[in-house]
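# Working through the structure, step by step
Now for the letters of each chain:
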Amino acid sequence: MNSSEINDYAAAIREAILAHEADIECLDREIGDGDHYINMKRGCEAIAGLADELSTLSSADALNKIGMKLLSTIGGASGPLFASFFMSMSKSLKVNDASSDTFSRLHIALAFETGVQAIMQRGKAQAGEKTMLDVLIPVATAFKQLAEQGQSSKDIATTLKNIASDGLESTRDMLATKGRASGLGERAIGHLDAGAKSCEVMIHTVCDLVLAGQ
Ligand code: ADP
Ligand code: MG
């Protein structure tokens, strides 16, 4: 993974988020305040504007830069959470290998897991609270297991896509105990979580690029 690949992922994620405007917006309107799509779009545009600068950086530095940019551009609850994810992922890559941009699948899986743990700490949330973590935690767990087993990138990508979809679907019947939907009680049941949807879209996009051979 190098910063040119990170730019490719960011460009594909931006397109995918824009393509899912209707569903992401609608989900946050149903059980949130309706701004999640706008927040995601703002973050994606800000990262697109960094592309030239990112291409000069190591992947760890590029991820840190992305995190700092998201912290200053995305509002809402999700901004600091996504920022923590990228900054912690960056730190983990640096600890594992500061000198090279050649990371094993396991390095990347461990960095992803570190990023997800940072979201849990920052948002003081666990699995089962109807948030983005209901996609991210199972994906992080499976990513690490599959990488430890030595599975190929394409097999890992195929499995993670399914796990992300299942995680999103699992939010439908949950009560929300974190974020704006937590005031709704039983009324949140039957609705998917908007942040879980964005994360599913982003994970599918990156996995599709991996499956396409990038
Ligand atoms: P806001 O909730 O401030 O309007 P967004 O609409 O951008 O911010 O993001 C809402 C999403 O953030 C939710 O759908 C949920 O997935 C996620 N979220 C909110 N609070 C938390 C938390 N404490 N931990 C993890 N994710 C959270
Ligand atoms: Mg919102």
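So, here's what we can say about the structure. This structure is a prediction, so every number in the text was calculated from the model and none was measured.

### Notes on the site of ligand 1
- Inspection of the region around ligand 1 gives 21 residues, with Asn 39, Ala 77, Ser 78, Arg 180 and Asp 193 positioned closest.
- Here an oxygen atom of ligand 1 sits 3.0 Å away from a polar atom, N or O, in the side chain of Asp 35.
- When the free accessible area of ligand 1 is taken as 560 Å², the share hidden by the protein chains comes to 93%.
- Elements with a minimum of two residues in the shell around ligand 1: helix H3 (36-48), helix H6 (78-96) and helix H10 (194-211).

### Observations concerning the packing of aromatic side chains
- Inspection of every chain in the model, using the stated rule, returns three aromatic pairs.
- With a centroid separation of 5.0 Å and 90° between ring planes, the pair formed by Phe 85 and Phe 86 is classed as edge-to-face.

### Here we look at the packing of helix H8 (residues 133-148) against helix H9 (residues 153-170)
- As a packed pair, H8 and H9 sit with axes 8 Å apart at the nearest point and diverge in direction by 155°. Judged by the angle between their axes, H8 and H9 are roughly antiparallel. As for the relative orientation of H8 and H9, their crossing is right-handed in sense. Side by side, H8 and H9 meet where Asp 134, Val 135, Pro 138, Val 139, Ala 142, Phe 143, Leu 146 and Ala 147 of the first sit next to Ile 156, Thr 159, Leu 160, Ile 163, Ala 164, Gly 167, Leu 168 and Ser 170 of the second.
- For the contact of H8 with H9, the class distribution of residues is twelve nonpolar, three polar and one charged.

What counts and how
- Residues numbered from 1 in each chain as written.
- Chains lettered and ligands numbered in written order.
- Predicted model: local features only at pLDDT ≥ 70, side-chain atom pairs only at ≥ 80, totals over all residues.
- Heavy atoms only, no water.
- Near = heavy atom within 4 Å.
- Polar contact = N/O pair within 3.5 Å; in protein donor to acceptor, adjacent residues only side chain to side chain.
- Areas by Shrake-Rupley, 256 points an atom, 1.4 Å probe, with all protein chains shown as cover.
- Helix = DSSP H or I, 4+ residues; strand = E, 2+ residues; numbered from the N terminus.
- Phe/Tyr/Trp six-rings, centres within 6.5 Å; stacked < 30°, edge-to-face > 60°.
- Axes fitted to C-alpha atoms, helices over the stretch in contact; angles between N-to-C directions.
- Parallel < 35°, antiparallel > 145°, perpendicular 65-115°, else oblique.
- Left-handed = near helix turned anticlockwise from the far one by under 90°.
- Contact = heavy atoms within 4.5 Å.
- Nonpolar A, V, L, I, M, F, W, Y, C, P; charged D, E, K, R; others polar.

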